[in-house]
Amino acid sequence: MPFSVQETLFSLLQLNAISGHEGEVADVMQTAFNKNAKEVWRDRLGNVVARYGSDKPDALRLMIFAHMDEVGFMVRKIESNGFLRFERVGGPAQITMPGSVVTLIGNKGPIPGCIGIKAYHFAKGDERTQSPSIDKLWIDIGARDKADAEQMGIQVGTTITLYNPPQLLANDLVCSKALDDRLGCTALLGVANAIGDKQLDINVFLVASVQEEFNIRGIVPVLRRVRPDLAIGIDITPSCDTPDLQDYSEVRVNHGVGITCLNYHGRGTLAGLVTPPRLIRMLEQTARENNIPVQREVAPGVITETGYIQVEQDGIPCASLSIPCRYTHSPAEVASLRDLTDCIRLLSSLAGMPAEYFPIEPESGTIQEAP
C-alpha cells in the first residue's frame, strides 16, 4: 500500500502523549519502523530508534529526529466537589485554556472534560477579557464529588491532553491539536517508507524522541549509542502569515519547509542553534536539485533538541527543518500537508546522497553564502 501523508498524520493525531507518557505514539512508530529497518530499538527513556542504509562500520551516520510528545496537563488535586486542579506539562498557551475541551487518560480509560470558565453573564470587568492564571482554573468531568472522580479512574498524576480531532481545511491545510510534533513523526515515517528498500552510502538513524516539550533533552541518551556525525531535527515553527504576525517574518504555510538559520529560547536559558552555513547550503542545494520549495527562518523564542545535541561528543553539526504552523501550542494548530510532503521529499533525497556530500568539518577562510 502506498504511503499516505494525510492518513498517517491523522492516525497519529488521534493519539494522546504528553511528555513522559509517549507510549501510544512510540508503539506506532516502532511497529512502522520494524517493517523495513535494519535495526530498531527503544531505550529506557522511551526514545524509538531505527537504522537504515549502509552496514559498513565506518559509514557516515546521519541522525534525523522528531519528538513524539505534545503539550498538555496533569492533575494536581481532586477537589471535594469533584472538580480537578491541574498543572501544565510543556507550554500549552494559557490564553486558550478556559473553555477548552480536554481528554483525561484515567486508569480506567479516556475521560472527556472541559476547562471551566466563569459564566459570562456573571463575569465582571477584567474577568470578561483577561485569562485567569492556571491556579484559578479547574477541569470539569461531570463528577459528583471526589469519590466519584476517583471511581471514574482519576487520581493525582493523571495526564490530560487537549481535544480537537484533525480536520482538513481548504488548500491542503490541517487543523488539530498536537501538530507539534506529529508532523515531524509523520515525516520520519515518510522517510522510512522512501528509503527502506534502497541501498544507501550512509547510515541513517531515524529517531522518535521523548520529553522535548518538557525539558528538550530527552533525546540525549540516543546520542551516546548512535554517535551521529550529523543531526537534522524536524519540528514546527510559527507561521507569520496571520494578521497578527505578518510583519514579523515571511515564513508562511504552503510555501515549503523552513530551514532554520537561528533559533534560541530567550527565556531562562539562552540555548539555541546557529546553523552552520555549510549545512544551510547543503539543504538548499538539495532542494534546488529536486525542485523542492524551502524558506529560511530566524526564530527567537523557538528551541529544539539541536541546542543540546550540537555540544555533545566532540561537537555534532546540527540543522533544523521547520514546518510552518499557525496558532502553536493551542488546541487548534494549523499546518500544510504540502509543506509536510516537501519535508519528506527533501530528507529522503538527502538520505540518498553519497557520504562526501555531507559537510561534516567546519570551513576555514571565507565562507561563501548560498546564492
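Structure shown above.
Residues numbered from 1 in each chain as written. Predicted model: local features only at pLDDT ≥ 70, side-chain atom pairs only at ≥ 80, totals over all residues. Heavy atoms only, no water.

A. Expanded view of the overall build of the protein chain. Secondary structure assignment for the protein chain yields 8 helices and 18 strands. The globule rule puts the C-alpha radius of gyration for 371 residues at 21 Å, and the 21 Å found for the protein chain is close to it. The dimensions of the protein chain, computed from C-alpha atoms along their principal axes, are 65 × 45 × 40 Å. Across the 371 residues that make up the protein chain, the buried fraction comes to 53%. A distance of 4 Å separates the average location of the 34 positive side-chain charges in the protein chain from that of its 45 negative side-chain charges. (Helix = DSSP H or I, 4+ residues; strand = E, 2+ residues; numbered from the N terminus. Rg over C-alpha atoms; globule rule 2.2 N^0.38 Å. Buried < 20%, exposed > 50% of the residue type's maximum accessible area, 1.4 Å probe, protein only. Lys, Arg positive; Asp, Glu negative; His and termini not counted. Charge placed at Lys NZ, Arg CZ, Asp CG, Glu CD.)

B. Representation of the packing of aromatic side chains. All chains considered together, the criterion is met by 2 aromatic pairs. Relative to phenylalanine 86, the ring of phenylalanine 73 has its centre 5.2 Å away and its plane inclined at 80 degrees; by these criteria the two rings are edge-to-face. You can see phenylalanine 73 sitting in strand E4 (residues 72-78) and its partner phenylalanine 86 sitting in strand E5 (residues 84-89), a full 13 residues away along the chain. Ring geometry for tyrosine 357 against phenylalanine 358: centres 6.0 Å apart, planes inclined by 85 degrees, an arrangement best described as edge-to-face. Per residue, the accessibility class of tyrosine 357 equals that of phenylalanine 358, and both read buried. (Phe/Tyr/Trp six-rings, centres within 6.5 Å; stacked < 30°, edge-to-face > 60°.)

C. Summary view of the pairing of strand E7 (residues 109-115). Relative to E7, strand E6 (residues 101-106) is paired through 6 bridges, and the arrangement is antiparallel. By the bridge assignment, leucine 104 is partnered in E7 with isoleucine 111. Connecting the antiparallel pair E6 and E7 is a turn made up of 2 residues. Summarising the sheet, E7 and strand E8 (residues 139-140) pair through 2 bridges and their orientation is antiparallel. Counted as the bridge partner of cysteine 114 is aspartate 140 from E8. (Pairing = 2+ DSSP bridges.)

D. The arrangement of the nonpolar core in detail. Formed by 65 residues in total, the largest nonpolar core has its most connected members in Met29 and Phe33. Examining the composition of this core, we find that 9 residues originate from one element, helix H4 (residues 179-195), more than from any other. Ignoring anything within four residues of it in the chain, the contact list for methionine 29 reads Leu12, Met68, Cys185, Leu188, Leu189 and Ala208. By size, the runner-up hydrophobic cluster in this structure holds 19 residues, among which are Met97, Ile111, Ala143 and Ile154. (Core = buried A, V, L, I, M, F, W, Y, C linked by side-chain atoms within 4.5 Å. Contact = heavy atoms within 4.5 Å.)

E. Broad picture of helix H2 (residues 23-33). Looking only at H2, the buried set comprises Val25, Ala26, Met29 and Phe33. Across the axial projection of H2, the buried residues extend over an arc of 100 degrees, all falling on one side. (Arc of directions from axis to C-beta.)

F. Molecular detail of unusual backbone geometry. For the bond running from aspartate 180 to aspartate 181, omega is 10 degrees, close enough to zero to count as cis. Along the chain, aspartate 181 falls in helix H4. You will see that glutamine 313, though not glycine, has its phi angle at about 55 degrees, which is positive. Counting through the fold element by element, glutamine 313 comes out in the loop between helix H7 (306-309) and strand E17 (318-326). We classify glutamine 313 as partly exposed; its relative accessible area is 31%.

G. Inspection of the environment of methionine 63 at higher detail. Residue placement: methionine 63 occurs in strand E3 (residues 61-67). Residue methionine 63 is classed as buried on the basis of its relative accessible area, which comes to 0%. As for methionine 63 and valine 204, which are separated by 141 residues in sequence, their C-alpha atoms are 5.9 Å apart. If sequence neighbours within four positions are ignored, methionine 63 has contacts with Phe205, Val207, Ile219, Val222, Leu223, Pro228, Leu230, Ala231, Ile232 and Ile309.

H. Spotlight on the pattern of salt bridges. On inspection of all chains with the given rule, the structure shows 17 salt bridges. Of the charged contacts in the structure, one is a salt bridge between arginine 51 and glutamate 39, with a shortest N-O distance of 3.2 Å. Of this pair, arginine 51 sits in strand E2 (residues 48-53) while glutamate 39 sits in strand E1 (residues 39-42), and the two are 12 residues apart along the sequence. Given the relative accessible area of 14%, arginine 51 is considered buried. Here arginine 326 and aspartate 241 are joined by a salt bridge, their closest N and O atoms 2.9 Å apart. Highlighted residues: arginine 326 in strand E17 and aspartate 241 in the loop between strand E13 (230-238) and strand E14 (257-264), separated in sequence by 85 residues. In this structure aspartate 241 comes out as partly exposed when scored by relative accessible area, which is 26%. Through salt bridges with shared partners, a single ionic network connects Lys38, Glu39, Arg51, Asp55 and Arg225. (Salt bridge = Lys/Arg side-chain N within 4 Å of Asp/Glu carboxyl O.)

I. Seen up close, the packing of helix H1 (residues 5-13) against helix H8 (residues 337-351). Here H1 crosses H8 at 105 degrees, and the two axes come no closer than 10 Å. Overall, the two elements H1 and H8 adopt an arrangement that is roughly perpendicular. Touching Val5, Gln6 and Leu9 of H1 are Leu337, Leu340, Thr341 and Ile344, all from H8. (Axes fitted to C-alpha atoms, helices over the stretch in contact; angles between N-to-C directions. Parallel < 35°, antiparallel > 145°, perpendicular 65-115°, else oblique.)

J. Just helix H6 (residues 277-289), in detail. Taking 1.5 Å of rise per residue, the 13 residues of H6 would be expected to cover 18 Å, and the 18 Å separating its terminal C-alpha atoms lies within 8% of that figure. Taken as a whole, H6 has its buried residues at Arg278, Leu279, Ile280, Met282, Leu283, Glu284, Thr286 and Ala287. For H6, the secondary structure elements touched by its buried residues are E13, E14, strand E16 (294-300), E17 and H8. Directly after H6, the chain includes asparagine 291, whose backbone phi takes a positive value near 55 degrees. (Expected span 1.5 Å × (residues − 1).)

What is shown is where atoms sit, not what they do.
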